[in-house]
Protein chains: 2
Amino acid sequence: MLRSEPEKRSDGRLNARAHLIRLADPLPLQSGAVLPEVQIACQSYGHLNEARDNAVLVLHGLTSDQHAAGASSGPAGKPGWWDVAIGPGKAIDTDRYFVIVPNVLGGACGTTSPASRNPSTGRPYGLRFPVITLADMARAHAVLLDALGIAKLHATIGGCLGGFQVLEMLASCPARTGKSVIISATARTSAHNTALWAVLRAALMSDPNWRGGDYYDGPSPSDGLGLLAMTGALFWMSRETLENKFGVAPMSGVPRYTMEPDFAVEQFLNSVKGNASKGRLDANSLIYLTRAIDYFDLARDAGTLEQALKGVQDPVLLVSYASDWRYPVEEMDRIAQALPTGVLHRHLTLDSAMGHGAFLYEFESLSPALSEFLR
Amino acid sequence: MLRSEPEKRSDGRLNARAHLIRLADPLPLQSGAVLPEVQIACQSYGHLNEARDNAVLVLHGLTSDQHAAGASSGPAGKPGWWDVAIGPGKAIDTDRYFVIVPNVLGGACGTTSPASRNPSTGRPYGLRFPVITLADMARAHAVLLDALGIAKLHATIGGCLGGFQVLEMLASCPARTGKSVIISATARTSAHNTALWAVLRAALMSDPNWRGGDYYDGPSPSDGLGLLAMTGALFWMSRETLENKFGVAPMSGVPRYTMEPDFAVEQFLNSVKGNASKGRLDANSLIYLTRAIDYFDLARDAGTLEQALKGVQDPVLLVSYASDWRYPVEEMDRIAQALPTGVLHRHLTLDSAMGHGAFLYEFESLSPALSEFLR
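Residues numbered from 1 in each chain as written. Chains lettered and ligands numbered in written order. Predicted model: local features only at pLDDT ≥ 70, side-chain atom pairs only at ≥ 80, totals over all residues. Heavy atoms only, no water.

Per an unreviewed UniProt entry, chain A is named Probable acyltransferase, and its organism is Roseibium suaedae. What UniProt records for chain A under Sequence similarities (unreviewed entry) is the sentence "Belongs to the AB hydrolase superfamily. MetX family." Among the UniProt annotations of chain A, the heading Subcellular location (unreviewed entry) holds the following wording: "Cytoplasm". (UniProt positions renumbered as here; feature names shortened; annotations may be inferred.)

Below you can see the structure in the form of structure tokens.
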């Protein structure tokens, strides 16, 4: 069942619409478990053409959602998370393409997640939600495309968690993806990233308000979210970027010898912490999405990465950032090497002090190549 | 006032002795504050010769204490933290040298710290303890040497936090240090390390049992200590070391799709967390020692590093590890360049997968060079 309606806050030319799909059947998961009642929330921008062949699927990262475009559609009336990229005349041109941005399975912004009602108890799942995987997310996207009546996409685009999903779609339904763009991603999760997610989950769970995941009828574990974001901030930027951005001198020029913030980097971390504490992220959703990333290894089921990607038939654009130390250029090269002959359009490596977040915060360096690739 | 007594658990040849010095006068601090009642706890090993010129000062790191040598003098009856290095016939040979290992100012293992009684309230200081610095620690070491009647050391040795203290002594009392050995250290704290300490302190403080630092009459903030250690473990080893050590495959070969540990790196982090929760570390002590590191910048007061180190007159051995990404080889080179002409014995760069902890866990690669340098 598909319900679609115009987004109230949207400007007309963007044609932002909200869609909610309730699946007729339970969704089988890679683990063997089954999700009995599944719904998928998504936003669309632009217009689907008559041939139904101008759709572009954009897949969001760990802390984003379906509100990718629009000047005030993000949290607290801010622009959508990729408003620099999606809109009339922009690289992902909504005058030309019908852009679909689903909230990922487990994402807790309308799509079924640990925050959803568990039909067998009538209360939110919490930690009774089954472990989901990147393959499950890709399956949910295929179901969404069926519901929207789109047999083949013009393009599929994603960064980080979104990039892993593009890779899973290239493995499971390569005939549907169209051109694909994979940004700041790797084909499997490193031990270092698994360790990071374990630490971030422990930070969340340290908040007494988290209450074993059953916090929905009480206060939010906002301190845990703050600590998670503060810890994570140490990893989005490289050591060198932190050095160059914040320096080592005390903010006032001379040391005050205090436990209060006395260095610019401390003030930055405090603001990250405060913003996350007040933010809209769902703690259990982060726990399940990071756990899905832990299990991501595209070669595990297929045997080799080459075997997993053997069905890819349309051009692939790979984008990595030289300063992204957790998703290094060499691992993106590994994907380039594993693709079937002839499908690699280009592996574009960009410089940016922003590291892993560069595709969000310094889009101008990526924009021309992306725009050209999509045409 | 100096009180010395033989260590009960020591074997005779090591001649381990415990010393406690109560300072006659208040200790003025770099911040301008004054510590009214100060005591310094230290261990010694070996015998001071008649000329009183065979003393070697060994300065411990962030999570160690004065119990450096002895087969069962560490926590839970384990060997002292540098028992591989200190003892009869070892690199720091107690048949030859009188080895002194003080508990650092703020270290809470007998030396005055936030866990000590605040004379003005009669209760533990907690966060009412003044902020201390590396220069204050160096000053406390000088007072200790006075109390022990040692005008000039044969050598001064330290790694990490201990290395910073050696550098401060080279700046404040270069005529007393003798030969110096600085391991895995830099001459100032990077923005990245300041950020890390801020995150680790926030992890500690997230524990409700921490109670604003006033936990001494209640349960220990053991969960906060566990979270701190788990987070810190992500930084002691490099990304590459974690990859090589733990790999990415699930422990049982196939994924179990569970929130329980399914990867070796998760099991490792859980054991780190569990050990720290049960351990003897004092939360407030870690808060003050890391804060002291934040303020460490040897060049700040002197103007330049060259100026700070201009009084160095005895040979200096610098040791860095190629995989120690937080205290990189290049920053140790910066120290080498700033030393007065002729005093640099050698900048030894070693390979070790252990990164920052290598001088503790892979001492054999350092042992011959250290032994030779001390003779």
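There are two copies of the chain, and a rotation about an axis plus a shift along that axis relates them. The two copies are related by a screw operation: chain B maps onto chain A through 180 degrees of rotation and 0.0 Å of translation along the axis, at an RMSD of 0.0 Å. Overall, the copies show the geometry of a two-fold rotation axis. Both copies share a contact surface, since 100% of the interface residues of chain B are interface residues in chain A too. (Least-squares fit on C-alpha atoms with pLDDT ≥ 70 in both. Contact = heavy atoms within 4.5 Å.)

Between side chains of opposite charge, a pair can form as their charged atoms come close. Tallied over the entire structure, the rule returns 34 salt bridges over all chains. Where Glu-37 of chain B meets Arg-117 of chain B, a salt bridge forms, and the shortest distance between an N and an O atom there is 4.0 Å. Taken together, the residues span a long stretch of sequence, with Glu-37 of chain B in the loop between strand 4 (34-35) and strand 5 (39-45) and Arg-117 of chain B in the loop between strand 9 (98-102) and helix 1 (134-148) at a distance of 80 residues. Because the salt bridges share partners, they merge into one network encompassing Arg-201, Arg-291 and Asp-294 of chain A together with Glu-266 of chain B. (Salt bridge = Lys/Arg side-chain N within 4 Å of Asp/Glu carboxyl O. Helix = DSSP H or I, 4+ residues; strand = E, 2+ residues; numbered from the N terminus.)

A few words on helix 3 (residues 191-205) of chain A. With 15 residues, helix 3 of chain A extends 21 Å between its outermost C-alpha atoms, agreeing within 8% with the 21 Å of an ideal straight helix rising 1.5 Å per residue. For helix 3 of chain A, the tally of buried residues reaches 14 of 15 residues, placing the bulk of the element in the interior. (Expected span 1.5 Å × (residues − 1). Buried < 20%, exposed > 50% of the residue type's maximum accessible area, 1.4 Å probe, protein only.)

Attention now goes to the sheet that holds strand 11 (residues 179-183) of chain B. Residues and elements named next belong to chain B. Spatially, nine strands are ordered 1-2-5-9-6-10-11-12-13 in an open sheet, and the strand pairing comes out mixed. This sheet does not close on itself; its edge strands, each paired only once, are strand 1 (2-6) and strand 13 (344-350). Pairwise comparison of adjacent strand axes, ignoring direction, gives a mean angle of 15 degrees for this sheet. Note that strand 6 (residues 55-59) and strand 9 share three bridges and pair parallel. Bridge pairing in strand 9 places Leu-57 opposite Ile-100. Running at roughly 135 degrees to strand 9, helix 1 makes contact with strand 1, strand 2 (17-22), strand 5, strand 6 and strand 9 of the sheet. In this fold helix 12 (residues 367-374) packs onto strand 10 (155-159), strand 11, strand 12 (316-321) and strand 13, with an angle of close to 160 degrees to the strand it touches most, strand 11. (Pairing = 2+ DSSP bridges. Axes fitted to C-alpha atoms, helices over the stretch in contact; angles between N-to-C directions.)

Moving on, we come to the packing of aromatic side chains. Across all of its chains, the model carries 26 aromatic pairs over all chains by this definition. An angle of 40 degrees between the planes, with centres 6.0 Å apart, marks the rings of Phe-164 of chain A and Tyr-327 of chain A as tilted. Of this pair, Phe-164 of chain A sits in helix 2 (residues 161-172) while Tyr-327 of chain A sits in the loop between strand 12 (316-321) and helix 10 (329-338); the two residues are 163 residues apart in sequence, bridging distant segments of the chain. Assessed through its relative accessible area of 1%, Phe-164 of chain A is described here as buried. Here Tyr-327 of chain A falls in the buried class, since its relative accessible area comes to 1%. On the basis of an interplanar angle of 55 degrees and a centroid distance of 5.3 Å, the ring pair of Tyr-295 of chain A and Phe-263 of chain B is categorised as tilted. Note that Tyr-295 of chain A is positioned in the loop between helix 7 (283-294) and helix 8 (298-302) and Phe-263 of chain B in the loop between helix 5 (239-246) and helix 6 (264-278), a pairing that runs across two chains. (Phe/Tyr/Trp six-rings, centres within 6.5 Å; stacked < 30°, edge-to-face > 60°.)

This brings us to the domain arrangement of chain A. Note: interface size is frequently given as the accessible area lost on complex formation between the parts. Residues and elements named next belong to chain A. Along its sequence, chain A is carved into domain 1 (2-189 + 298-374) and domain 2 (193-289). Once you take the C-alpha centre of each, domain 1 and domain 2 turn out to be 26 Å apart. With 33 residues of domain 1 in contact, the opposing surface of domain 2 contributes 24 residues. For the domain 1 and domain 2 pair, buried surface summed over both sides reaches about 2300 Å², with 61% attributable to carbon and sulfur atoms. Interface area lost by domain 1 to domain 2 is led by Leu-62, Leu-127 and Arg-326, which between them contribute 27%. The interface formed by domain 1 and domain 2 holds three salt bridges in total. (Domains from an automatic or database assignment. Buried area = accessible area lost by both parts, 1.4 Å probe.)

Mapped onto this numbering, the UniProt entry annotates "site: Important for acyl-CoA specificity" (unreviewed entry) at Arg-326 of chain A. As for its position among the elements, Arg-326 of chain A is in the loop between strand 12 and helix 10. By relative accessible area, which is 1% here, Arg-326 of chain A ends up buried. Residues within four places of Arg-326 of chain A in sequence aside, it is in contact with His-192, Asn-193, Leu-196, Trp-197, Phe-235, Trp-236 and His-356 of chain A together with Arg-239 of chain B. At 2.9 Å, the side chain of Arg-326 of chain A and the side chain of Asn-193 of chain A are in polar contact. (Polar contact = N/O pair within 3.5 Å; in protein donor to acceptor, adjacent residues only side chain to side chain.)

On the side of chain A, 55 residues touch chain B, which itself brings 55 residues to the contact. Note on chain B versus chain A: buried area summed over both sides is about 4600 Å², and carbon and sulfur give 71% of it. By the criterion of area lost to chain A, the three top residues of chain B are Arg-239, Tyr-257 and Met-259 of chain B, representing 19% of everything that side buries. Counting the contacts that link chain B with chain A gives six salt bridges. Arg-291 of chain B is paired through a salt bridge with Glu-266 of chain A; the nearest N and O atoms lie 2.9 Å apart. Residue assignment for the side of chain B that touches chain A shows that the elements contributing at least two residues are helix 3 (191-205), helix 4 (222-236), helix 5, helix 6 and helix 7 (283-294) of chain B. With ten residues, the top contributor of residues to the side of chain B that touches chain A is helix 3 of chain B.

Ile-100 and Leu-309 of chain A together with Ile-100 and Leu-309 of chain B are the most contacted members of the largest nonpolar core, which has 188 residues in total. When residues no more than four places from it in sequence are discounted, the contact partners of Leu-309 of chain A are Leu-167, Leu-170, Leu-298, Ile-335, Ala-338, Leu-339 and Pro-340 of chain A. (Core = buried A, V, L, I, M, F, W, Y, C linked by side-chain atoms within 4.5 Å.)

This part takes up the sheet that holds strand 11 (residues 179-183) of chain A. Sheet strands pair via backbone hydrogen bonds, and the direction of the pair is either parallel or antiparallel. Residues and elements named next belong to chain A. Within the open sheet, the nine strands sit side by side as 1-2-5-9-6-10-11-12-13. Their pairing is mixed. Across the chains shown, the open sheet's two edge strands, defined by having one partner strand only, are strand 1 (2-6) and strand 13 (344-350). Between one strand axis and the next, the sheet turns through 15 degrees on average, direction left out of account. Inspection of the sheet shows strand 1 paired to strand 2 (residues 17-22) by five bridges, in the antiparallel sense. Residue pairing for strand 2: Pro-6 is matched across the bridge by Arg-17. Helix-sheet contacts for helix 1 (residues 134-148) involve strand 1, strand 2, strand 5 (39-45), strand 6 (55-59) and strand 9 (98-102), and the interaxial angle to strand 9 is about 135 degrees.

Residue pairs three or four apart in sequence face the same way in an α-helix, which turns once every 3.6 residues. Residue and element names in this part refer to chain B. Along helix 12, six of the eight residues are buried, which leaves the element largely enclosed by surrounding structure. Those residues of helix 12 not exposed but buried are Ser-367, Ala-369, Leu-370, Ser-371, Phe-373 and Leu-374. Elements in contact with the buried residues of helix 12: strand 8 (92-93), strand 10, strand 11, strand 12 and strand 13.

This next bit is on the UniProt feature "active site" (unreviewed entry) in chain A. All names here are of chain A. Within the UniProt annotation, "active site" (unreviewed entry) is assigned to Asp-324. Mapped onto the fold, Asp-324 is located in the loop between strand 12 and helix 10. Those residues in contact with Asp-324 that sit more than four places away from it in its chain are Ser-184, Gly-355 and His-356.

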